[in-house]
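Now for the letters of each chain:
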Amino acid sequence: MEAVSDTLQSGEWMPRCLGDLDGIAEKTRDPGLDESMPMFTDQVYVERRKYFSDIAKRYKYGEPLPRVEYTDDEIKTWGAVYRKTTQLFPTHVCRQYNEMFTLMVKEGIISEDNIPQLEDVSDFLKARTGFTLRPVPGMLSSRAFLNVLAFRVFFCAQYVRHGAHSTYAPEPDVCHDILGHMPTLADPAFADFTYNIGIASLGATDESIEKLVRIYWYTAEFGLCKEAGNLKAYGAGLISSSEELMYCLTNKPEHQPLDADKMAMKPFPITTIQPMYFVAESIEDMQTRVREYTSHVPKPA
């Protein structure tokens, strides 16, 4: 496994089959969070996070996705996030997301009272767009995260943010991944957009990986678009945070027209609310511009 870690960072290794993704699962990175946060000082929460991490590290390709019995506190936190975010969806979130979210609710995949199990969500996605899920122990490295998208696989958290962070979480969790990403991955055009970024990352240089992850960040994670003359969110980081979802559409942050070349060069903060957002003329416009950029990503000779 150590050899895989070395080559992942150098860009010389890439997964070539679904079984290779087992080696990626442990390629997590430290997001640099403040260790005085409750998520680090609450020992019960720390032990619970270790439980979820161990589940993800043990999982191997081909096995049934692990089902989790969530605690009352975890379900309470999920419900709080669900209520605070979903009440903003009709006015703050784009049409494509709302259509797929509504479908997932209708199909019983997502609800306020229960945290979805990965297998149920994965089966739903596979039938619609070919994407499947597998558990992840933490935040993956940039290369690892992008590479797996080329296999139409999304590494999804099962752990729940600490209850003290219900309006904004400084790292991805099951609320972020399920509420933020799954409805867009259920949309065929958005799923293809995600897949194409993954394809572009395979065998790419380290420099290209950093540019691609910035583009992904400013679109799939924190993207805004215009819809009937209004700003709407489509990024998962916005949709899963009621605090940032309200903030991003105000005049407080900076808004710039979507430009793939500029996005590729602009660093971003990971653990705080974003100071600026790129705005696409439409979801389709964003997908076209990013597809054009990814078609020219250089690969090693």
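Residues numbered from 1 in each chain as written. Predicted model: local features only at pLDDT ≥ 70, side-chain atom pairs only at ≥ 80, totals over all residues. Heavy atoms only, no water.

The contact between helix 12 (residues 206-221) and helix 16 (residues 283-294) brings their axes to 12 Å, and the two run at 175°. By the criterion of interaxial angle, the relationship of helix 12 to helix 16 is roughly antiparallel. Contacts from K211, L212, I215 and T219 in helix 12 reach M286, V290, Y293 and T294 in helix 16. Here the residues of the contact of helix 12 with helix 16 sort into 5 nonpolar, 2 polar and 1 charged. (Axes fitted to C-alpha atoms, helices over the stretch in contact; angles between N-to-C directions. Helix = DSSP H or I, 4+ residues; strand = E, 2+ residues; numbered from the N terminus. Parallel < 35°, antiparallel > 145°, perpendicular 65-115°, else oblique. Contact = heavy atoms within 4.5 Å. Nonpolar A, V, L, I, M, F, W, Y, C, P; charged D, E, K, R; others polar.)

Before going further, it helps to examine the nonpolar core. By size, the foremost hydrophobic cluster in this structure holds 88 residues, and its most contacted members are I110, L125, L146, F154, F155, I178 and M182. Tallying contributions element by element places helix 12 first for this core, with 8 residues. Not counting the four nearest positions on each side in its chain, L146 is found in contact with I197, G198, S201, I209, L212, V213 and Y216. (Core = buried A, V, L, I, M, F, W, Y, C linked by side-chain atoms within 4.5 Å. Buried < 20%, exposed > 50% of the residue type's maximum accessible area, 1.4 Å probe, protein only.)

Attention now goes to the confidence of the model for the chain. Taken residue by residue, the chain gives an average pLDDT of 91. The fraction at 70 or more is 92%. Segment residues 1-11: pLDDT under 50, and 16 contacts once partners within four positions in sequence are set aside and those in other chains are kept. (pLDDT = per-residue confidence, 0-100.)

Applying the stated criterion to the full structure yields 14 salt bridges. A salt bridge links D120 to R67; the shortest N-O distance between them is 2.7 Å. Of this pair, D120 sits in helix 8 (residues 118-129) while R67 sits in the loop between helix 4 (43-58) and helix 5 (72-86), and the two are 53 residues apart along the sequence. Several salt bridges share partner residues, and in doing so they unite R67, E119 and D120 into one network. (Salt bridge = Lys/Arg side-chain N within 4 Å of Asp/Glu carboxyl O.)

Once that is clear, we can look at the pairing of strand 1 (residues 132-135). Pairing of strand 1 with strand 2 (residues 153-156) involves 4 bridges; the strand directions are parallel. Opposite T132, over in strand 2, you have V153 as the bridge partner. For the handedness criterion, the β-α-β arrangement of strand 1, helix 9 (residues 142-149) and strand 2 is classed as right-handed. (Pairing = 2+ DSSP bridges. Right-handed = clockwise from strand over helix to strand, strands pointing away.)

The next thing to look at is the side chain of R48. Structurally, the position occupied by R48 is in helix 4. A distance of 2.9 Å separates a polar side-chain atom of R48 from the backbone oxygen of E69. (Polar contact = N/O pair within 3.5 Å; in protein donor to acceptor, adjacent residues only side chain to side chain.)

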